[in-house]
Amino acid sequence: MTKLKCIAVDDEPLALDIIEDYVSKVPFLELVKRTENAIEALQMVQAGGVDLVFLDIQMPELTGIQFLKIANSKARYILTTAYSQYALESYDLNVSDYLLKPIAFDRFYKAVEKVHNQVKPVEVVQPPQPILTSAPFSAAAVPVQDFIFVKTEHKIQKIELDHILYIEGLKDYISIYTRTERIITLQNMKKMEETLPQGQFIRVHKSYIISLDKIESIERSRISICGKVIPIGDTYRDEFFRHIDNKNI
């Protein structure tokens, strides 16, 4: 996994301690420098090789706003401050996010995940080489991620994709079912559908997304997965059976 190279700039050592601790908990981040010296940080950014800057606004030598104007978008920025009145001006300078101190980890994770999604490279899938067969190219051959993170009531939880049986949408939240547990998270089905890798998961109903390789049987318009009967919605029927045909089930 390619990590985002980060620096943390703040004139308060305790604030730097918190950022350093939070960065260490996120697998796609790497803290390459923490400093109380804004000018030193600016020189690093201008030299290149820095992907993300956690930047305090009120600093003695160079304010965060001044820093942004001089750096001229050499990296992505997440501003950190105890004063909310700077929010509007900072967004005019195209910062990625604005964190109000004291910073909670879940809010920190949401901010860095947004940056990660913006800068991670898009996988380029090479077209299949001609071969002497009529078998269709399967999307399952494309590499996919192994896990997702979801926010639950008290924590951010990592879920291995291979453990997911199916996902059920219930108004403003969803339930993710594995063989051993049910995980509830505040998220809508459309967002979850976009997060999951295509070819491994498919939406079969307005309220259900399933893992294709966990299907035990299909009878008319019903799918059986680990004892659960899941309906196939009329809107999703044709696309579902196209996937099934391509997988030669």
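The rules behind each value
Residues numbered from 1 in each chain as written. Predicted model: local features only at pLDDT ≥ 70, side-chain atom pairs only at ≥ 80, totals over all residues. Heavy atoms only, no water. pLDDT = per-residue confidence, 0-100. Contact = heavy atoms within 4.5 Å. Patch = residues over 30% accessible without salt bridge, like charges linked within 9 Å, V, L, I, M, F, W, Y side chains within 5 Å. Areas by Shrake-Rupley, 256 points an atom, 1.4 Å probe, with all protein chains shown as cover. Salt bridge = Lys/Arg side-chain N within 4 Å of Asp/Glu carboxyl O. Helix = DSSP H or I, 4+ residues; strand = E, 2+ residues; numbered from the N terminus. Pairing = 2+ DSSP bridges. Axes fitted to C-alpha atoms, helices over the stretch in contact; angles between N-to-C directions. Buried < 20%, exposed > 50% of the residue type's maximum accessible area, 1.4 Å probe, protein only. Arc of directions from axis to C-beta. Phe/Tyr/Trp six-rings, centres within 6.5 Å; stacked < 30°, edge-to-face > 60°. Lys NZ or Arg CZ within 6 Å of the ring centre and 35° of its normal.

## Thoughts on the confidence of the model for the protein
The predicted coordinates of low-pLDDT regions are not to be read in fine detail. For the protein, per-residue confidence averages 83 on the pLDDT scale, and residues scoring 70 or more make up 84% of the total. Low confidence marks residues 130-144, where pLDDT is under 50. Its contacts with residues over four positions away, or in another chain, come to 11 contacts.

## Considering a nonpolar patch on the surface
Together, Tyr173, Ile184 and Leu186 give the surface a local cluster of nonpolar side chains, amounting to about 310 Å² of exposed area. As for its placement among the helices and strands, Tyr173 is situated in strand β9 (residues 173-178).

## Thoughts on the sheet that holds strand β12 (residues 208-211)
What the five strands build is an open sheet, ordered β10-β9-β8-β12-β11; its pairing is antiparallel. Unpaired on one side and paired on the other, β10 (182-185) and β11 (201-205) mark the two borders of the sheet. Looking at each pair of strands side by side, their axes are set apart by 20 degrees on average, direction ignored. Strand direction decides the pairing type here: β11 and β12, joined by four bridges, are antiparallel. For His205, the partnering residue across the bridge sits in β12 and is Tyr208.

## Structural notes on the sheet that holds strand β15 (residues 228-231)
Here three strands make up an open sheet; going across it, the order is β13-β14-β15 and the pairing antiparallel. The open sheet is flanked by β13 (217-219) and β15, the only strands paired with a single partner. For this sheet, the mean angle separating the axes of adjacent strands, direction not counted, is 25 degrees.

## Quick notes on the environment of Lys158
Locating Lys158 in the fold gives a position in strand β7 (residues 156-160). On the basis of relative accessible area, Lys158 is assigned to the partly exposed category, the value being 44%. For the pair Lys158 and Phe147, spaced 11 residues apart in sequence, the C-alpha separation works out to 6.7 Å. Residues contacting Lys158, with those up to four places away along its chain left out, are Phe147, Ile148 and Phe149.

## What to know about the pattern of salt bridges
Opposite charge on two side chains makes pairing possible when the charged atoms of those side chains draw close. Tallied over the full model, the rule gives 18 salt bridges. In this structure, the salt-bridge partner of Asp97 is Lys114, at a minimum N-O distance of 3.4 Å. Residue Asp97 is located in strand β5 (residues 97-100), and its partner Lys114 is located in helix α5 (residues 105-119); the two are separated by 17 residues in the primary sequence. The shortest N-O distance in the salt bridge between Arg242 and Glu239 comes to 2.6 Å. One end of the pair, Arg242, and the other, Glu239, are both in helix α7 (residues 237-246), three residues apart, so they sit about a helical turn from each other. Via salt bridges that share partners, Asp10, Asp56 and Lys101 belong to a single interconnected network.

## Notes on helix α3 (residues 64-71)
Among the residues making up α3, those that are buried are Gly64, Ile65, Phe67, Leu68 and Ala71. An end-on view of α3 places all buried positions within 160 degrees of arc, on one side of the element. In the stretch just after α3, Asn72 is the one whose phi turns positive, near 60 degrees.

## Section: the packing of aromatic side chains
A complete count under the given rule lists 12 aromatic pairs for this structure. Ring geometry for Tyr22 versus Phe105: centroids 5.2 Å apart, planes at 75 degrees, classification edge-to-face. With a gap of 83 residues between them, Tyr22 in helix α1 (residues 13-24) and Phe105 in helix α5 connect regions that are remote in the sequence. Take Phe105: its relative accessible area is 24%, and that puts it in the partly exposed class. The aromatic ring of Phe147 is capped on one face by Lys158, whose charged end is 4.3 Å from the ring centroid.

## Focus: unusual backbone geometry
Put simply, Lys101 and Pro102 share a cis peptide bond, and its omega is -5 degrees. Its location among the elements puts Pro102 in the loop between β5 and α5. With a phi close to 60 degrees, Arg220 is a non-glycine residue in the positive phi region. Looking at where Arg220 falls in the secondary structure, it is placed in the loop between β13 and β14 (222-225). A positive phi angle is found at Cys226, which is not glycine, with a value near 50 degrees. With respect to the helices and strands, Cys226 occurs in the loop between β14 and β15.

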